[in-house]
There are 2 protein chains.
Amino acid sequence: MSQHSKTTPKVIKQLHRTVNKTLKDADLFPKEARVLIACSGGPDSMVLLDVLQYLNYHRKAQWTIGVTTIDHCIRSEGASELQLVENYCKERNIPFWGIKRDVPAIARARKESVETIGRYERYAWFNQLAEREGYDYIVTAHHKDDQAETILAHILRGTGVKGLTGMIVVSHDYMVPVVRPLLEVTKSEILEYAQLQRIVYCIDGSNEDVQYNRNRIRHEVIPVLQTINPNVVDALCRLGNIAHVDEAYIYGESRRLFSQLVMLTPYGYTVSRRAMRALPLAMQRRLWQLMITSVSLSLLHQEQLEHIVKSGEPKTFTIQKVTINAQYDTIHVYCEH
Amino acid sequence: MSQHSKTTPKVIKQLHRTVNKTLKDADLFPKEARVLIACSGGPDSMVLLDVLQYLNYHRKAQWTIGVTTIDHCIRSEGASELQLVENYCKERNIPFWGIKRDVPAIARARKESVETIGRYERYAWFNQLAEREGYDYIVTAHHKDDQAETILAHILRGTGVKGLTGMIVVSHDYMVPVVRPLLEVTKSEILEYAQLQRIVYCIDGSNEDVQYNRNRIRHEVIPVLQTINPNVVDALCRLGNIAHVDEAYIYGESRRLFSQLVMLTPYGYTVSRRAMRALPLAMQRRLWQLMITSVSLSLLHQEQLEHIVKSGEPKTFTIQKVTINAQYDTIHVYCEH
């Protein structure tokens, strides 16, 4: 990382350092890792591509970097965006895979939204390609502003502490881990970097997964919030970080208590009323949610369940397809399978 | 609570039930409790006064209800608002104390903001009066929209999970507990109730503690958010409730670990590096904050402290007036007093 000259602008050094730290803190990527970058041709992913090549060279990491672009056939520019990325890769001898998916047609056929199908097709393709070509990581260009928008979207939609955690640097929701090296970099840093490094990109190329509300959050809500606190993006991301750490702890403790206190039965679970009563409310609520996985429990549900634990009376009630029956000290949870 | 007739509008019944449930869930108020209502003359506190009288009568609770109004001398209407509340109480034989405080003058003299002094003078007076006249509770008219604004203000300013908890039904920040019976009632329910019950109130009478940003959150931010989710106030309050329960748990566990692992010394604290390392990150962070109470630790501070715990090397550094020194297994925390 000492390859910056005295004349290298501060933004560029800073961005390299931030991404380097993000990767290091998450123990990413090991030497000789095979890294597949999902590139839309927009500024975020073109900058990401530049940064990872820089780090690869100057850290002597010997990563193998590959690139893939998917044309979702949503906008007519999709084909030329793919072409731009392809040319970039050809010039630099970077392995490239371009693919076209008629997302609107698939969405119509499956009666799903274009956003849902777009997302599904994208990640299905990334995983398929990564597995086939032996890549260890899929890398996306989500950045700090995306993160703040995600957290804010969850807050607006209604969430608990869990939903505040936003995106994480490495997620394992798919077969191949997805890595987001730009999560600590703001959009404006990315744009400044692109300008200084003369990186060619397509405008709006990265907006294909932007939904209607997400666009409104970006263009209407965040600017209003910034007039109250110019650093609101930082504030939201910081909240996300804290919530992530707290949630990991609470989840871990609740799993531990679950395995101690909850008995598996052929029809679901049983748990002692007395044992539940002795737990802090936060743990009671988590245990209920771990037993009743098929429903996202509302506060009202949780209050009803709390009442069962408190009261000691025999009681039966149902939440959707789950029946809860309390007799003496034993609470039975019947989950329909 | 069965004194509603068939013709009683739903809003009125609902509001009575909601307040009744809020008080019951918090075990408030016991029979013959002496309850001092802080009343500005605005719709919120005039409705609160009506509702508590109703519950007192129909629950046969035998509460003694008193009322106090403070004219902050910020707006010229302050005196007539006080007069309105005084007249209301006289007609109904409710003990009343009106008081005038020249908040702008005090603020100028002490070089503090009008909001800070207003708040300080208000609560100082409520406590003084409650103690002198033997009231058990101070009651304020904060409602669900206030709660959502408070939580949102904390999010915008930057907060951890703790700041998401907002206001609680009973707080013990002062000598006399402060109770907020309307915390589950929305502003629109209050206004509808006031109209249906023909409750006389002053417009804007309750806005004296509204700061500039708070006003902007109310009039500019929340309306924009409501176009994305009309139930955003509920969503924020629900988040507050969940965060409150989680935070209570995390705080309790961290206090428990603190008393197990942290030794008090004449100059501050010591703690074992190994013991800290074995803790989940959420607990490490809380223990640091419990040892270093004089600074609100930033994420950067926490990362530096984390590094000390992880590394095992001898190291000394300071955070403001607190010095942290790690030698072998022992971490010394020197707090300047």
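Residues numbered from 1 in each chain as written. Chains lettered and ligands numbered in written order. Predicted model: local features only at pLDDT ≥ 70, side-chain atom pairs only at ≥ 80, totals over all residues. Heavy atoms only, no water.

- Taking an unreviewed UniProt entry as the reference, chain A is identified by name as tRNA(Ile)-lysidine synthase belonging to Veillonella tobetsuensis.
- Recorded in UniProt under Sequence similarities (unreviewed entry), the annotation for chain A is "Belongs to the tRNA(Ile)-lysidine synthase family."
- Annotation of chain A in UniProt includes, under Catalytic activity (unreviewed entry), the sentence "cytidine(34) in tRNA(Ile2) + L-lysine + ATP = lysidine(34) in tRNA(Ile2) + AMP + diphosphate + H(+)". (UniProt positions renumbered as here; feature names shortened; annotations may be inferred.)

1. A closer look at the overall build of chain A
Logical step 1: Along the backbone of chain A there are 12 helices and 11 strands.
Logical step 2: A buried classification covers 54% of the 337 residues belonging to chain A.
Logical step 3: A fraction of 68% describes how many contacts in chain A between residues 6 or more apart in sequence connect residues 24 or more apart.
Logical step 4: Within the structure as shown, chain A displays about 16400 Å² of accessible surface, and the carbon and sulfur contribution to it stands at 50%.
Logical step 5: Within chain A, the 37 negative side-chain charges are centred at a point lying 3 Å from the centre of the 41 positive side-chain charges. (Helix = DSSP H or I, 4+ residues; strand = E, 2+ residues; numbered from the N terminus. Buried < 20%, exposed > 50% of the residue type's maximum accessible area, 1.4 Å probe, protein only. Contact = heavy atoms within 4.5 Å. Areas by Shrake-Rupley, 256 points an atom, 1.4 Å probe, with all protein chains shown as cover. Lys, Arg positive; Asp, Glu negative; His and termini not counted. Charge placed at Lys NZ, Arg CZ, Asp CG, Glu CD.)

2. A few points about the pairing of strand β10 (residues 322-327) of chain B
Residue and element names in this part refer to chain B.
Logical step 1: Of the strand pairs in this sheet, strand β9 (residues 315-319) and β10 are connected by five bridges, and their pairing is antiparallel. Looking across to β10, one finds that phenylalanine 317 is bridged to isoleucine 324.
Logical step 2: Hairpin connection between β9 and β10: a loop of two residues separates the two successive antiparallel strands, and glutamine 320 in this loop has a positive phi of roughly 50 degrees.
Logical step 3: Two elements, β10 and strand β11 (residues 330-335), share six bridges in a ladder whose sense is antiparallel. Considered in β11, the bridge of valine 322 is made with cysteine 335. (Pairing = 2+ DSSP bridges.)

3. As for the interface of chain A and chain B
Logical step 1: Counting residues at the interface gives 40 residues for chain A and 40 residues for chain B.
Logical step 2: Overall, the association of chain A and chain B removes approximately 3700 Å² of surface from exposure, summing both partners, and the carbon and sulfur fraction of that is 66%.
Logical step 3: On the chain A side of the contact with chain B, A:Leu156, A:Ile228 and A:Tyr249 bury the most area, a combined 19% of that side's loss.
Logical step 4: The closest approach of N and O atoms between A:Glu303 and B:Lys21, which form a salt bridge, is 3.2 Å.
Logical step 5: Where chain A touches chain B, the interface holds 10 residue pairs in polar contact (both at pLDDT 80 or more).
Logical step 6: Listed by contribution, the elements that provide at least two residues to the side of chain A that touches chain B are α6 (144-157), α8 (212-228), α9 (232-261), α11 (281-291) and α12 (299-311) of chain A.
Logical step 7: The biggest single contributor to the side of chain A that touches chain B is α9(A), with 13 residues.
Logical step 8: Residues belonging to the side of chain A that touches chain B are distributed by class as follows: 24 nonpolar, seven polar and nine charged. (Buried area = accessible area lost by both parts, 1.4 Å probe. Salt bridge = Lys/Arg side-chain N within 4 Å of Asp/Glu carboxyl O. Polar contact = N/O pair within 3.5 Å; in protein donor to acceptor, adjacent residues only side chain to side chain. Nonpolar A, V, L, I, M, F, W, Y, C, P; charged D, E, K, R; others polar.)

4. What about the relation of the copies chain A and chain B?
Logical step 1: Placing chain A over chain B gives an RMSD of 0.1 Å and needs a rotation angle of 180 degrees, together with 0.0 Å of translation along the axis. Taken together, the rotation and translation describe the operation of a two-fold axis.
Logical step 2: Both copies contact each other with a shared surface, as 100% of the interface residues of chain A are interface residues in chain B too. (Least-squares fit on C-alpha atoms with pLDDT ≥ 70 in both.)

5. Focus on helix α3 (residues 78-92) of chain A
Residues and elements named next belong to chain A.
Logical step 1: Relative to the 21 Å expected for 15 residues at 1.5 Å per residue, α3 spans 22 Å between its end C-alpha atoms, a close match to the ideal helical length.
Logical step 2: All buried positions along α3 are accounted for by Gly78, Glu81, Leu82, Val85, Tyr88 and Cys89. Summarising the axial view, the buried residues of α3 lie within an arc of 125 degrees, below the 170-degree limit, and thus occupy one face. In α3, the exposed positions angled more than 90 degrees off the buried face are occupied by Lys90 and Glu91.
Logical step 3: Residues of α3 that are buried make contact with α2 (43-58), β2 (64-71) and β3 (96-100).
Logical step 4: The positive-phi residue at the C-terminal boundary of α3 is asparagine 93, with phi of around 60 degrees. (Expected span 1.5 Å × (residues − 1). Arc of directions from axis to C-beta.)

6. Let's talk about the side chain of A:Arg122
Residue and element names in this part refer to chain A.
Logical step 1: Take arginine 122: it is sitting in helix α5 (residues 114-133).
Logical step 2: Judged by its relative accessible area of 11%, arginine 122 is buried.
Logical step 3: A polar atom in the side chain of arginine 122 sits 2.9 Å from the side chain of histidine 72.

7. Description of the domain arrangement of chain A
Logical step 1: By the assigned domains, chain A splits into domain 1 (10-241) and domain 2 (262-335).
Logical step 2: The distance between the C-alpha centroids of domain 1 of chain A and domain 2 of chain A comes to 41 Å. (Domains from an automatic or database assignment.)

8. Here's the deal with the packing of helix α4 (residues 103-110) of chain A against α5(A)
The angle between the axes and the distance between the axes are what describe a pair of packed helices.
All names here are of chain A.
Logical step 1: In the contact formed by α4 and α5, the axes pass within 9 Å of each other and the chain directions differ by 115 degrees. On the basis of their axis angle, the class for α4 and α5 is roughly perpendicular. The way α4 lies across α5 gives a crossing that is right-handed. Note on element contacts: α5 touches α4 through Val114, Ile117, Gly118, Tyr120 and Glu121, opposite Val103, Pro104, Ile106, Ala107 and Arg110.
Logical step 2: Class assignment for the residues of the contact of α4 with α5 results in seven nonpolar, one polar and two charged. (Axes fitted to C-alpha atoms, helices over the stretch in contact; angles between N-to-C directions. Parallel < 35°, antiparallel > 145°, perpendicular 65-115°, else oblique. Left-handed = near helix turned anticlockwise from the far one by under 90°.)

9. Topic: the UniProt feature "binding site: ATP" (unreviewed entry) in chain A
All names here are of chain A.
Logical step 1: UniProt feature "binding site: ATP" (unreviewed entry): in the numbering of this structure it lies at Ser40, Gly41, Gly42, Pro43, Asp44 and Ser45.
Logical step 2: Looking at the element boundaries, glycine 41 is found in the loop between β1 (34-38) and α2.
Logical step 3: In this structure glycine 41 comes out as buried when scored by relative accessible area, which is 0%.
Logical step 4: With near-sequence residues (within four places) excluded, glycine 41 lies in contact with Met46, Leu84, Val85, Tyr201 and Cys202.
Logical step 5: Of note, serine 45 is situated in helix α2.
Logical step 6: We classify serine 45 as buried; its relative accessible area is 3%.
Logical step 7: Look past the residues within four positions of serine 45 in its chain and what remains in contact with it is Ala38, Cys39, Ser40 and Ala141.
Logical step 8: At 3.5 Å, the side chain of serine 45 and the backbone nitrogen of glycine 41 are in polar contact.

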